[in-house]
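What follows is each chain in one-letter form.
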Amino acid sequence: MNAEPMPSIVVGVDGSKASILALRWAGVIAPLMNAEIRAVTAWDFDVPFPLMAPAAPNPDRAAERTCSLAVERAYGTTAPAPVNQVIRRGAPAKVLMDESLTAQLLILGSSDHGHMKELFMGSVSTLAAQQAKCPVLIAHGTELPAALMPAAAAAPVQPANKETRRE
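Quantities reported herein were computed from a predicted structural model and do not represent experimental measurements.

Enquirer: Hey, could you run me through the pairing of strand 2 (residues 36–43) in this one?
Expert: When a strand is regular, its side chains alternate between the sheet's two faces. The element strand 2 is extensively covered by neighbouring structure, given that 7 of its 8 residues are classed as buried. The pairing of strand 1 (residues 8–12) with strand 2 spans 5 bridges and is parallel. Pairing of Ile9 across the sheet is with Ile37, part of strand 2. Taken together, strand 1, helix 1 (residues 17–33) and strand 2 constitute a β-α-β crossover, and its handedness is right-handed. Bridge analysis of strand 2 against strand 4 (residues 83–89) gives 7 bridges, and the strand direction is parallel. Along strand 4, the bridge assignment pairs Arg38 with Asn84.

Enquirer: How do you make sense of the pattern of salt bridges when you look at a structure like this?
Expert: Think of it this way: side chains of opposite charge can pair up when their charged atoms draw near. The full count for this structure, using the stated rule, is 6 salt bridges. Put simply, Arg88 and Asp98 hold a salt bridge, and the shortest N to O gap is 3.4 Å. Note that Arg88 is positioned in strand 4 and Asp98 in helix 3 (residues 92–100), a separation of 10 residues in sequence. A residue is classified by how much of its surface remains accessible, and Arg88, at 15% relative accessible area, is buried. When salt bridges that share partners are traced, they join Arg38, Arg88, Lys94, Asp98 and Glu99 into one network.

Enquirer: Honestly, the nonpolar core in this entry has me stumped. Any pointers?
Expert: Nonpolar side chains tend to gather and get buried jointly when the protein is soluble and globular. Counting 31 residues, the largest nonpolar core has Ile9, Val11, Leu23, Trp25, Ile37, Tyr75 and Ile107 as the members making the most contacts within it. When residues of this core are traced back to their parent elements, those giving at least two are strand 1, helix 1, strand 2, helix 2 (59–75), strand 4, strand 5 (105–109) and strand 6 (136–139). Examining the composition of this core, we find that 9 residues originate from one element, helix 1, more than from any other. Residue contacts for Val11: discarding those within four places in its chain leaves Ser19, Ala22, Leu23, Ala26, Ile37, Arg38, Ala39, Val40 and Ile107. Among the nonpolar cores identified, the runner-up in size contains 12 residues, and Val86, Leu96, Met97 and Leu106 belong to it.

Enquirer: It is not clear to me how the environment of Leu108 should be interpreted in this structure. Could you clarify?
Expert: By the secondary structure assignment, Leu108 is in strand 5. Considering only alpha carbons, one finds Leu108 and Ile138, 30 residues apart in sequence, at a separation of 4.9 Å. Setting aside its immediate chain neighbours within four residues, Leu108 contacts Gly12, Ala22, Leu96, Val124, Ser125, Ala128, Leu137, Ile138 and Ala139.

Enquirer: Looking at this structure, I do not really get the packing of helix 3 against helix 5 (residues 124–131). What am I missing?
Expert: A pair of packed helices is captured by two measures, namely the crossing angle of their axes and the spacing between those axes. As a packed pair, helix 3 and helix 5 sit with axes 10 Å apart at the nearest point and diverge in direction by 30°. On the basis of the axis angle, helix 3 is roughly parallel to helix 5. Classified by chirality, the crossing of helix 5 by helix 3 is right-handed. Counting all contacts with helix 3, which are made through Pro92, Ala93, Leu96 and Met97, the residues of helix 5 involved are Val124, Leu127, Ala128 and Gln131. Of the residues contributing to the contact of helix 3 with helix 5, the split by class is 7 nonpolar, 1 polar and no charged.

Conventions and cut-offs
- Numbering of residues begins from 1 in every chain and follows the order in which that chain's sequence is written.
- In view of the model being predicted, local features appear only for residues whose pLDDT reaches at least 70, and side-chain atom pairs are presented and counted only at 80 or more, with totals across whole chains, interfaces and linings using the full set of residues.
- Hydrogens and waters are ignored; side-chain quantities use all the structure's heavy atoms.
- Exposed residues in this analysis have more than 50% of their type's maximum accessible area, buried residues have under 20%, and partly exposed residues fall in between, with area computed by a 1.4 Å probe over protein chains only.
- Elements are defined by DSSP. Helices are runs of H or I of four residues or more, strands are runs of E of two residues or more, and each kind is numbered from the N terminus.
- Two strands qualify as a pair provided DSSP detects at least 2 bridges between them.
- By convention, orient the strands away from the viewer: a clockwise path from the first strand over the helix to the second makes the crossover right-handed.
- Each salt bridge in this description consists of a side-chain nitrogen of Lys or Arg and a carboxyl oxygen of Asp or Glu lying within 4 Å of one another.
- In this text, buried Ala, Val, Leu, Ile, Met, Phe, Trp, Tyr and Cys residues form a nonpolar core when linked through side-chain atoms within 4.5 Å.
- Note on contacts: a residue pair qualifies if any of its non-hydrogen atoms lie within 4.5 Å across the two residues.
- All axes here are fitted lines through C-alpha atoms, helices being fitted over the stretch that makes contact, and every angle between N-to-C directions spans 0 to 180 degrees.
- Our angle categories are set so that under 35 degrees counts as roughly parallel, over 145 as roughly antiparallel, 65 to 115 as roughly perpendicular, and the remainder as oblique.
- Should the near helix be turned anticlockwise from the far one by less than a right angle, the crossing is termed left-handed; should it be turned clockwise, right-handed.
- Here the term charged refers only to Asp, Glu, Lys and Arg, the term nonpolar to Ala, Val, Leu, Ile, Met, Phe, Trp, Tyr, Cys and Pro, and the term polar to all other amino acids, Gly among them.

Functional significance is not addressed by these values, which are geometric in nature.
Have a look at this one:
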């Protein structure tokens, strides 16, 4: 007999304060949905010539470290729900849209970019709000709202999952 997969909340993680806040939102919501948290870090080099690619000894490892540190900053050594860290090569917007196909919720932190930069470069959160295949929560601010703090503190605690899946 095949067990139903656990519902998932996908969180875009880039190591920024906004993505750590998004992880904290997921920590409050996941127990309510009986869902796992999928902390997704995407990386890609957008370089026209491979010889000009930035020197990174191992971009997968750098992305894994970014994701692990963000999860640790959001939850410490315990998480309110199972956390699976997913590292994928690809444009962040594309990776997150793919992840939204099987997610019950996608949570992103609001970018710190100004309106002009967003006009020219686009925004992952704007694209997600328009194209994701699941509901999207875009976390603004620097902390959870005070009304959610008791729920965050009362959530059942689970050891943080150090397992990272590369795709």
